[in-house]
Amino acid sequence: MCFVCGQKLEETGVSFRYIHKEMRLNEDEISRLRDSDSRFLQRQRKLYLVLDLDHTLLNTTILRDLKPEEEYLKSHTHSLQDGCNVSGGSLFLLEFMQMMTKLRPFVHSFLKEASEMFVMYIYTMGDRNYARQMAKLLDPKGEYFGDRVISRDDGTVRHEKSLDVVLGQESAVLILDDTENAWPKHKDNLIVIERYHFFSSSCRQFDHRYKSLSELKSDESEPDGALATVLKVLKQAHALFFENVDEGISNRDVRLMLKQVRKEILKGCKIVFSRVFPTKAKPEDHPLWKMAEELGATCATEVDASVTHVVAMDVGTEKARWAVREKKYVVHRGWIDAANYLWMKQPEENFGLEQLKKQLTEEE
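Residues numbered from 1 in each chain as written. Predicted model: local features only at pLDDT ≥ 70, side-chain atom pairs only at ≥ 80, totals over all residues. Heavy atoms only, no water.

### Regarding helix H5 (residues 226-241)
Piece 1. With 16 residues, H5 should reach 22 Å at 1.5 Å per residue; the first-to-last C-alpha distance of 23 Å fits that figure.
Piece 2. Regarding H5, the residues found buried are Ala226, Leu227, Ala228, Thr229, Val230, Leu231, Val233, Leu234, Ala237, His238, Leu240 and Phe241. (Helix = DSSP H or I, 4+ residues; strand = E, 2+ residues; numbered from the N terminus. Expected span 1.5 Å × (residues − 1). Buried < 20%, exposed > 50% of the residue type's maximum accessible area, 1.4 Å probe, protein only.)

What follows is the structure in structure tokens.
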């Protein structure tokens, strides 16, 4: 409705229902708000961080999906007050939703430290009620997210996430999510995190045959887990963005800073692949080759003295035998995948071909 004459107007623009159920903004107004907000935040040395919930900051299961081996968890839950986490705990029985939620280790420290560098949003494919309840567990005082809690009900494209509904310049936004395909238009902004599988139902959802952390009565490490590692990446990208701030930062792009951080992970490694790619395919077009280069490695098709790693699926290949003779590392492709998801170079001894054979045997 026009606030001057009262005439009803056709709805246009992008809906920002998570801020107010009737709020819509046209492109010009969104652009103006993003520009003014970005200038204000950059004076505060802050960027934007969009956080996924499930398998990223926490893991939730339906109560009926708990295995008998997980029933012990019901006696280990922490108390809630009006649905809020007042105990500082990490395991919650949400009987009114018939759910149980486990917060990822280190999440409280992660949010506290990240909030000093970023204005943070939650963005989940869950519905609005679920999103708001999880926000209460993560941020009971509302000091980290405020009303910046986006659910699937607020998105502009079904089954996809987009920065359309985030009031921040794309060049100043980082995203943390376990699902790369959820962000088809914003992969350069994305940090993909290793999935958190605390409950057995989470493993079944992704067809994993190994036992969940709850079944093993174990959990991720606080100081060395995925969130602690990602926090270091965020600090690096933030520091690079605001480096030499006196030179001006209006043309800086945090996506370029993120690529710079990634290129340090396998810097100094020269990789040759042995029978990893289809015979007729161009190796440089394969996603694994591209991933290794994005992580800072040099890739080659032939071995020489400068090669540091041979990636193979069978120790009997000519290049793998050469690597053994020349005392080079022989690893399977999981070594590159792990570096990509964990944002750090992994110990080669954990990715030898013997470990691959053992893993395949256990899966059979």
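### Observations regarding the pattern of salt bridges
Pairing is possible between side chains that carry opposite charge, provided their charged atoms lie close to one another.
Piece 1. Per the stated rule, a full pass over the model turns up 17 salt bridges.
Piece 2. In this structure, Glu113 engages Lys235 in a salt bridge whose closest nitrogen and oxygen atoms are separated by 2.8 Å. With a gap of 122 residues between them, Glu113 in helix H2 (residues 107-114) and Lys235 in helix H5 connect regions that are remote in the sequence.
Piece 3. Residue classification places Glu113 among the partly exposed positions, given a relative accessible area of 27%. (Salt bridge = Lys/Arg side-chain N within 4 Å of Asp/Glu carboxyl O.)

### Observations concerning the packing of aromatic side chains
Piece 1. On inspection of all chains with the given rule, the structure shows six aromatic pairs.
Piece 2. Considering the side-chain rings of Tyr123 and Trp183, the 5.3 Å spacing of their centres and the 80 degrees angle between planes classify their relative orientation as edge-to-face. With a gap of 60 residues between them, Tyr123 in strand S9 (residues 118-123) and Trp183 in the loop between strand S11 (173-177) and strand S12 (190-192) connect regions that are remote in the sequence.
Piece 3. Between Tyr196 and Phe198, the ring centres sit 6.2 Å apart and the planes meet at 35 degrees, which makes this aromatic pair tilted.
Piece 4. Its relative accessible area of 5% is what places Phe198 among the buried residues.
Piece 5. Taken together through their ring pairs, the aromatic side chains of Tyr196, Phe198 and Phe199 make up a single cluster.
Piece 6. One cation-aromatic arrangement involves Lys217 over Tyr72; the distance from NZ or CZ to the ring centre is 4.8 Å.
Piece 7. If you follow Arg262 out to its NZ or CZ, it ends over the ring of Trp343, 5.0 Å from the centre. (Phe/Tyr/Trp six-rings, centres within 6.5 Å; stacked < 30°, edge-to-face > 60°. Lys NZ or Arg CZ within 6 Å of the ring centre and 35° of its normal.)

### Considering the layout of surface pockets
Piece 1. In this structure, the second largest pocket spans a volume of roughly 610 Å³.
Piece 2. Contributing to the lining of the second largest pocket are 21 residues, with Glu180, Lys187, Arg262, Glu294 and Asn340 lying nearest its centre.
Piece 3. Of all the secondary-structure elements, those providing two or more residues to the lining of the second largest pocket are S12, helix H6 (254-262), helix H7 (287-294) and helix H9 (334-342).
Piece 4. Ranked by residue count, the leading element in the lining of the second largest pocket is H7, at five residues.
Piece 5. Among the residues making up the lining of the second largest pocket, the classes are represented as eight nonpolar, two polar and eleven charged. (1 Å grid on protein atoms, 1.4 Å probe; cavity = no way out; pocket = protein on both sides within 12 Å on 5 of 7 lines; lining within 4 Å. Points joined across faces, edges and corners; volume = space filled by probe spheres on them. Nonpolar A, V, L, I, M, F, W, Y, C, P; charged D, E, K, R; others polar.)

### Some remarks on unusual backbone geometry
Keep in mind that most residues, glycine aside, have a negative phi and that most peptide bonds are trans.
Piece 1. Unlike most non-glycine residues, Lys327 shows phi in positive territory, near 60 degrees.
Piece 2. Residue placement: Lys327 occurs in the loop between helix H8 (318-325) and strand S16 (329-331).
Piece 3. For Lys327, a relative accessible area of 76% puts it in the exposed group.

### Remarks on the packing of H2 against H5
Piece 1. For the pair H2 and H5, interaxial distance at closest approach is 10 Å and the crossing angle is 10 degrees. Looking at the two axes, H2 sits roughly parallel to H5. On the side of H2, the interface is formed by Val107, Phe110, Glu113 and Ala114, while H5 contributes Leu227, Val230, Leu231, Leu234 and Lys235.
Piece 2. Among the residues making up the contact of H2 with H5, the classes are represented as seven nonpolar, no polar and two charged. (Axes fitted to C-alpha atoms, helices over the stretch in contact; angles between N-to-C directions. Parallel < 35°, antiparallel > 145°, perpendicular 65-115°, else oblique. Contact = heavy atoms within 4.5 Å.)

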